[in-house]
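Below, each chain spelled out in residue letters.
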Amino acid sequence: MRLWCRLWKDTHMLQDTVVCRTEQDTRTHKIFAALEEACCRFDLCRPIWLEKNIAEFQSVSKTCFYQDSFIEEIPFDYMEIQVIEEDD
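Residues numbered from 1 in each chain as written. Predicted model: local features only at pLDDT ≥ 70, side-chain atom pairs only at ≥ 80, totals over all residues. Heavy atoms only, no water.

Caption draft 1: Seen up close, the packing of aromatic side chains. Counting across every chain of the model gives 6 aromatic pairs. Seen from their ring centres, W49 and F57 are 5.6 Å apart, and the 85 degrees between their planes marks the pair as edge-to-face. Among the residues examined, W49 registers a relative accessible area of 21% and is labelled partly exposed. A residue is classified by how much of its surface remains accessible, and F57, at 5% relative accessible area, is buried. Aromatic rings pair up to connect F32, W49, F57 and F65 into one cluster. The cationic tip of R6 hangs over the ring face of W4; the distance from NZ or CZ to the ring centre is 3.7 Å. (Phe/Tyr/Trp six-rings, centres within 6.5 Å; stacked < 30°, edge-to-face > 60°. Buried < 20%, exposed > 50% of the residue type's maximum accessible area, 1.4 Å probe, protein only. Lys NZ or Arg CZ within 6 Å of the ring centre and 35° of its normal.)

Caption draft 2: Region of interest: the side chain of T63. Residue placement: T63 occurs in strand β3 (residues 62–65). A residue is classified by how much of its surface remains accessible, and T63, at 0% relative accessible area, is buried. Setting aside residues no more than four positions away along its own chain, T63 makes contact with W49, N53, E56, F57, M79, E80 and I81. (Helix = DSSP H or I, 4+ residues; strand = E, 2+ residues; numbered from the N terminus. Contact = heavy atoms within 4.5 Å.)

Caption draft 3: Geometry of unusual backbone geometry. Of note, T11 is a non-glycine position whose phi angle comes to about 65 degrees, a positive value. Relative to the helices and strands, T11 is located in the loop between β1 (2–9) and β2 (12–20). Residue class for T11 comes out exposed when judged on its relative accessible area of 72%. In this structure, S61 is a non-glycine residue whose phi angle is positive, near 55 degrees. Tracing the sequence through the fold places S61 in the loop between α2 (51–60) and β3.

Written as structure tokens, this is what we have:
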């Protein structure tokens with residue numbers, strides 16, 4: 001599985017990273033692990049999954065985390081995550 005994570009500010013992408021997870025695990029565990037790895041790369045705390053994030057991610061494998069999902073102040077408008085490749 002590959003997860004693409006991007007940080008956006010004023011319609012401009014500030015940073016992006018792709019995290020690959022190849023271990024045998026559930027899709028949910030891979031997504032949480034990939035998100036944690038991306039946050040480490042960006043030097044961010046992990047965002048909180050709100051109901052809107054869960055629903056959006058379940059339907060289109062993509063969601064955005066805004067300030068309301070982070071405990072600390074963030075220097076960007078939102079973080080977007082998207083599954084770009086699923087395991088076979």
